[in-house]
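A look at the structure
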Amino acid sequence: MAADLVPHLRRTRDHIDRHYELPLDLDQLARIAGVSKFHLVRSFAATYGETPIRYLTRRRIERAQDLLRAVNLTITEVCVLVGFSSLGSFSWRFAQLVGQSPTAYRDQWAARGGPHVPGCYLFMRGVFDLRGTATPPAASQIAQFVRSVPESAGRTVET
């Protein structure tokens, strides 16, 4: 692979990292890299060991794991926040990559007694648009908010 293509692949990977919650497709990613989608898939896989879409899916699942550990939201809310449009697809891919269902994963972390940010608090702080007509908030906004909450903020609150 040509060394001059690596910065373009890195730009594509960074775009995926920043915008994983958006509906990204190969055509968009190929435009960012400035190559055909077929060349992007081959080059990305040769450089990073996985295709751009697999990388995107893995990033979404990693972000979902972060949210399930730190925020008291439903599985459906987490599914939408990380960019999946189908709860079934999300649950299947999550179980395939993590080894357990999203519910089992969340329950495992809740049993350890880790602090959670209540979902209602996120709604009150305006992280979510309650009108339901706007696009869902970026999971990065929620992740940034979760990182800003101190460890002693509290425990899981059942709503």
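Everything that follows concerns the structure shown earlier in this document.
The following paragraphs examine the structure supplied in this document.

Turning our eyes to something else, we now look at the packing of aromatic side chains. Here the structure, examined in full by the defined rule, presents six aromatic pairs. Ring centres of Phe44 and Tyr48 lie 4.8 Å apart, and the angle between their planes is 55 degrees; on these two criteria the pair is classed as tilted. A residue pair is termed a helical-turn pair when its members lie 3 or 4 positions apart in one helix, as Phe44 and Tyr48 do in helix α3 (residues 37–48) at four residues. One aromatic cluster is present, formed by Phe84, Phe90, Phe94, Tyr105 and Trp109 through successive ring pairs. The residue whose ring lies beneath Arg60 is Phe84, and the NZ or CZ to ring-centre distance is 5.8 Å. Positioned above the aromatic ring of Trp109 is the side chain of Arg69, whose terminal nitrogen or guanidinium carbon lies 5.3 Å from the ring centre.

On to the packing of helix α2 (residues 26–33) against α3, then. One can describe the packing of α2 onto α3 by two numbers: an axis separation of 9 Å at closest approach and a directional angle of 80 degrees. By the angle between their axes, α2 is roughly perpendicular relative to α3. Counting all contacts with α2, which are made through Leu26, Asp27, Leu29, Ala30 and Ala33, the residues of α3 involved are Lys37, Leu40 and Val41.

Before going further, it helps to examine the pattern of salt bridges. Across all of its chains, the model carries eight salt bridges by this definition. For the salt bridge of Asp17 with Arg59, the shortest nitrogen-to-oxygen distance reads 2.9 Å. You can see Asp17 sitting in helix α1 (residues 6–18) and its partner Arg59 sitting in helix α4 (residues 52–70), a full 42 residues away along the chain. Notably, a salt bridge pairs Arg69 with Asp66, separated by 2.5 Å at the nearest N-O pair.

What counts, and at which threshold
- Residues numbered from 1 in each chain as written.
- Predicted model: local features only at pLDDT ≥ 70, side-chain atom pairs only at ≥ 80, totals over all residues.
- Heavy atoms only, no water.
- Phe/Tyr/Trp six-rings, centres within 6.5 Å; stacked < 30°, edge-to-face > 60°.
- Helix = DSSP H or I, 4+ residues; strand = E, 2+ residues; numbered from the N terminus.
- Lys NZ or Arg CZ within 6 Å of the ring centre and 35° of its normal.
- Axes fitted to C-alpha atoms, helices over the stretch in contact; angles between N-to-C directions.
- Parallel < 35°, antiparallel > 145°, perpendicular 65-115°, else oblique.
- Contact = heavy atoms within 4.5 Å.
- Salt bridge = Lys/Arg side-chain N within 4 Å of Asp/Glu carboxyl O.

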